[in-house]
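# Close look at the chain arrangement
Chain by chain, the residues:
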Amino acid sequence: VEAARKQPLVPTSRGSSRPGKGATKEQKQAARVAARSERVRSRQLMMSGDERYLPARDKGPVRRYVRDVVDSRWNVGELLLPVMLIVVLLSWFGAALKSPGVTTAIFGIVYLMIAVAIVDALFLTRRLKRGVTERFGPDAYARGTGMYAVMRAFQLRRTRIPRPGIGRREQPR
């Protein structure tokens, strides 16, 4: 009875799609190709916004509404990365000119841009809290919803996952 109950610590086959220890090279290769095609398919569906393939942090009607609100407006935060790249280039040229006034002005613009982005993010979270409570009820605005919106707003529009399903200046669904 004890011998029948013993099992290996790591099973030889962890899933039906994975070949076991005695599988041939062709079977293993076919399993790898099938797994890769399934990953590509699920990523495409996730990028398109299919609710079944989204990560847990993006699921639900509230999160969809938050994504639509963020994607429907211009956000100052999404301009931060391009501005920062320009600032790095300008700071190199400012150092080459040996002009502390130019460098100070460049970094003053950066700090101003960061402050404006923070104020814009605060307005966004206030608008979202009001919209979520009106649409889904007072207890639908869960902890982390505002940060989810701010992090999405600070990403470049083209790099957001899932991709924006709504155009700028369109009404959220």
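### Concerning the nonpolar core
- Within the largest apolar cluster, 12 residues are counted, these being Val62, Tyr65, Val66, Val69, Val70, Leu124, Leu128, Val132, Ala140, Tyr148, Ala149 and Ala153.
- Looking at this core, the elements with two or more residues in it are α3 (61-71), α5 (100-136) and α6 (145-153).
- Setting aside chain neighbours within four positions, we find Val70 in contact with Asn75, Leu124, Ala149, Arg152, Ala153 and Arg160.

### So, the pattern of salt bridges
- Following the criterion strictly, the structure yields 8 salt bridges and no others.
- Its salt-bridge partner being Arg152, residue Asp71 comes within 2.9 Å of it at the nearest N-O pair. In this pair, Asp71 sits in helix α3 while Arg152 sits in helix α6, placing the two residues 81 residues apart along the sequence. Residue Asp71 shares its accessibility class with Arg152, and that shared class is buried.
- Between Glu78 and Arg168 there is a salt bridge whose closest N-O contact spans 3.1 Å.

### Brief notes about α3
- With 9 of 11 residues buried, α3 is to be regarded as a mostly interior element.
- Every buried residue of α3 is listed here: Val62, Arg63, Tyr65, Val66, Arg67, Asp68, Val69, Val70 and Asp71.
- Looking at the buried positions of α3, the neighbouring elements they touch are α5 and α6.

### A closer look at the side chain of Thr125
- Within the element layout of this structure, Thr125 appears in helix α5.
- The exposure class of Thr125 is buried, given its relative accessible area of 17%.
- Here Thr125 is in contact with Tyr141, Gly146 and Val150, once residues within four sequence places are set aside.

### Some details on the confidence of the model for the protein chain
- Residues of the protein chain with pLDDT of at least 70 account for 92%, and the chain-wide mean is 86.
- Taking the mean pLDDT of every element in the protein chain, the minimum, 80, falls on helix α4 (residues 80-97) and the maximum, 94, on α6.

### A short note on unusual backbone geometry
- Here Ile161 and Pro162 are connected by a cis peptide whose omega angle stands at -5°.
- Following the sequence through the fold, Pro162 ends up in the segment after α6.
- Within the chain, Arg169 stands out as a residue other than glycine whose phi angle is a positive 65°.
- Relative to the helices and strands, Arg169 is located in the segment after α6.

### A short note on a nonpolar patch on the surface
- On the surface, a cluster of nonpolar side chains totalling about 630 Å² of accessible area is made up of Ile86, Val88, Leu89, Leu90, Trp92 and Phe93.
- Positionally, Ile86 belongs in helix α4.

### Brief notes about the environment of Thr103
- You can see Thr103 is positioned in helix α5.
- Under the relative-accessibility criterion, Thr103 is labelled partly exposed at 24%.
- Separated by 13 residues in the primary sequence, Thr103 and Leu90 have C-alpha atoms spaced 8.0 Å apart.

Here is what the cut-offs are and how they apply
Residues numbered from 1 in each chain as written. Predicted model: local features only at pLDDT ≥ 70, side-chain atom pairs only at ≥ 80, totals over all residues. Heavy atoms only, no water. Core = buried A, V, L, I, M, F, W, Y, C linked by side-chain atoms within 4.5 Å. Buried < 20%, exposed > 50% of the residue type's maximum accessible area, 1.4 Å probe, protein only. Helix = DSSP H or I, 4+ residues; strand = E, 2+ residues; numbered from the N terminus. Contact = heavy atoms within 4.5 Å. Salt bridge = Lys/Arg side-chain N within 4 Å of Asp/Glu carboxyl O. pLDDT = per-residue confidence, 0-100. Patch = residues over 30% accessible without salt bridge, like charges linked within 9 Å, V, L, I, M, F, W, Y side chains within 5 Å. Areas by Shrake-Rupley, 256 points an atom, 1.4 Å probe, with all protein chains shown as cover.

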